[in-house]
Amino acid sequence: MGQKAITIYTPDGTAAHISAEDDAFIHRCLLGAASGIMGSLACVKVDDNTVRLSGGGVSNRGYVLWIPDGETLELTVDSGTAGYSRIDTVAAVFTKGGGEVADTHTFAVVKGTPVTGTPSAPALTSSALLSTGHVNQTAVFYVRITGSEITSVSRAAAQLPAASSAPKVFVQQAQPSSPSVGDLWLW
């Protein structure tokens, strides 16, 4: 095909031509990255087997998953074992659909390997999401478990730029007093 017009008028009754892939392309471009945390997504320990997500979302190769305003999502963390440590990963898991199969995009806990020494985060599945059934897991938070206790939760993904960091357009006769790189000044 070689090219695809996305923002064009299509008459009533014409089949939709915009796909999730098109939106993901736009999101990657606007966010300046394929994957990362959007908004104020937070993950907190509820107890030693539960973490809670709230306040934002994640881009997973441009596909967006979020916790709606005022809502939370609790995820179960498997119990730890005395004398062992591990790192689990809270991940955004996107599975590409196709044909009659819908895409899925969910938050999940990917369990790490318990060790007596220094633990490392589990390996995640990485994919360009080109074909039906392909899976891409994006690390969002790390959950450190020591013995049977969750001892810390830390951010694993980069914070994507907020809208306030996007370039600004000034339309005025005088030069802006504090322009940033990328801003446009029109007079």
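Worth saying up front: this structure is predicted, and the values here are computed from it rather than measured.

Side chains Tyr63 and Leu65 project from strand E3 (residues 63–66) onto a buried face, and the interleaved Val64 and Trp66 project onto a face without burial. Relative to E3, strand E2 (residues 50–60) runs antiparallel, the two sharing 4 bridges. Among the inter-strand pairings, asparagine 60 is bridged to a residue of E3, identified as tyrosine 63. Here E2 folds back onto E3 in antiparallel fashion, the turn holding 2 residues, of which arginine 61 has a positive phi close to 60°.

Looking at the element boundaries, glutamate 71 is found in the loop between E3 and strand E4 (72–76). Residue classification places glutamate 71 among the partly exposed residues on the basis of a relative accessible area of 46%. Separated by 16 residues in the primary sequence, glutamate 71 and glycine 55 place their C-alpha atoms 7.8 Å from one another. If near-sequence neighbours (up to four positions away) are discounted, glutamate 71 is found in contact with Leu53 and Ser54.

The strand order across the open sheet formed by 4 strands is E6-E5-E7-E8, and the pairing between neighbours is antiparallel. This sheet does not close on itself; its edge strands, each paired only once, are strand E6 (104–110) and strand E8 (149–155). Averaged over neighbouring strand pairs, the angle between their axes works out to 25° when direction is ignored. Bridging between strand E5 (residues 85–95) and E6 involves 7 bridges; their strand directions are antiparallel. If you follow threonine 89 over to E6, its bridge partner there is valine 110.

Okay, the side chain of aspartate 22 next. By the secondary structure assignment, aspartate 22 is in helix H1 (residues 20–31). A polar contact is formed between the side chain of aspartate 22 and the backbone nitrogen of serine 19, at a distance of 2.8 Å. If sequence neighbours within four positions are ignored, aspartate 22 has contacts with Lys4, Ile6 and His17.

In this section: the nonpolar core. Membership of the largest hydrophobic core comes to 19 residues, with the highest contact counts inside it found for Leu41, Val51, Leu53, Val90, Phe107, Val140 and Phe141. Breaking this core down by element, the ones donating at least two residues are strand E1 (36–47), E2, E5 and strand E7 (135–146). If you tally residues by element for this core, the top one is E7, at 4 residues. What leucine 41 contacts, discounting residues up to four positions off in sequence, is Leu53, Ser54, Gly55, Gly56, Gly57, Ile67, Phe107, Val140 and Phe141.

Relative to the assigned elements, alanine 91 resides in strand E5. Take alanine 91: its relative accessible area is 0%, and that puts it in the buried class. Sequence separation between alanine 91 and asparagine 136 is 45 residues; the distance between their C-alpha atoms is 9.5 Å. Contact partners of alanine 91, with chain neighbours within four places excluded, come to Thr106, Phe107, Ala108, Val110, Gln137, Thr138, Ala139 and Val140.

Cut-off values and rules
- Residues numbered from 1 in each chain as written.
- Predicted model: local features only at pLDDT ≥ 70, side-chain atom pairs only at ≥ 80, totals over all residues.
- Heavy atoms only, no water.
- Buried < 20%, exposed > 50% of the residue type's maximum accessible area, 1.4 Å probe, protein only.
- Helix = DSSP H or I, 4+ residues; strand = E, 2+ residues; numbered from the N terminus.
- Pairing = 2+ DSSP bridges.
- Contact = heavy atoms within 4.5 Å.
- Axes fitted to C-alpha atoms, helices over the stretch in contact; angles between N-to-C directions.
- Polar contact = N/O pair within 3.5 Å; in protein donor to acceptor, adjacent residues only side chain to side chain.
- Core = buried A, V, L, I, M, F, W, Y, C linked by side-chain atoms within 4.5 Å.

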